[in-house]
Amino acid sequence: MPNLTNTMICWKPQGEAWLQKWPDVCDRVAGAFTSGACYRDVRQMSEADRKALVFIEAVHMMVRDGVEPSVVHRALLPLEEYQAGLADDMPL
């Protein structure tokens, strides 16, 4: 399962959000905001810290950068840390 040690979170303001395997070998990331495995300190974080970071980045994506909540949710859903933080009755 993808997690923040091997996956980047990518997004464009008022637009799309997606996960990208790290290291990046795709031009799609050009011009996008990124978080996750592309930063060494993230790859070295504890699981709990990575889980917190996923939800912090989700807020940044939605509130600061205007990405629709449903777009953020669908993009982050495959991430181990995101799934681990969701309520049991959360729609998948």
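Let me begin by describing the structure that accompanies this report. Model, not experiment: these values are computed from the prediction. (Residues numbered from 1 in each chain as written. Predicted model: local features only at pLDDT ≥ 70, side-chain atom pairs only at ≥ 80, totals over all residues. Heavy atoms only, no water.)

## So, unusual backbone geometry
A cis amide bond, omega 5 degrees, links tryptophan 22 with the succeeding residue proline 23. Within the secondary structure, proline 23 sits in the loop between strand S2 (17–21) and strand S3 (33–36). (Helix = DSSP H or I, 4+ residues; strand = E, 2+ residues; numbered from the N terminus.)

## Examining the sheet that holds strand S1 (residues 7–11)
Overall, antiparallel pairing links the three strands, which are arranged S2-S1-S3 in an open sheet. Every interior strand has two partners, whereas the edge strands, S2 and S3, have only one. The mean angle between the axes of side-by-side strands here comes to 30 degrees, regardless of whether they run parallel or antiparallel. Direction of pairing for S1 relative to S3: antiparallel, over a ladder of four bridges. Counterpart to methionine 8 in the pairing with S3 is glycine 36. (Pairing = 2+ DSSP bridges. Axes fitted to C-alpha atoms, helices over the stretch in contact; angles between N-to-C directions.)

## Topic: the nonpolar core
In this structure, Leu4, Ile9, Met61, Leu76, Leu79 and Tyr82 are the most contacted members of the largest nonpolar core, which totals 17 residues. Elements supplying a minimum of two residues to this core: S1, helix H2 (47–64) and helix H3 (69–76). Looking at this core, the element that brings in the most residues is H2, giving four residues. Beyond its immediate chain neighbours, meaning those up to four positions away, tyrosine 82 contacts Val54, Phe55, His73, Leu76 and Leu77. Grouped together as the second largest cluster of nonpolar side chains are five residues, Cys10, Trp18, Val29 and Ala32 included. (Core = buried A, V, L, I, M, F, W, Y, C linked by side-chain atoms within 4.5 Å. Buried < 20%, exposed > 50% of the residue type's maximum accessible area, 1.4 Å probe, protein only. Contact = heavy atoms within 4.5 Å.)

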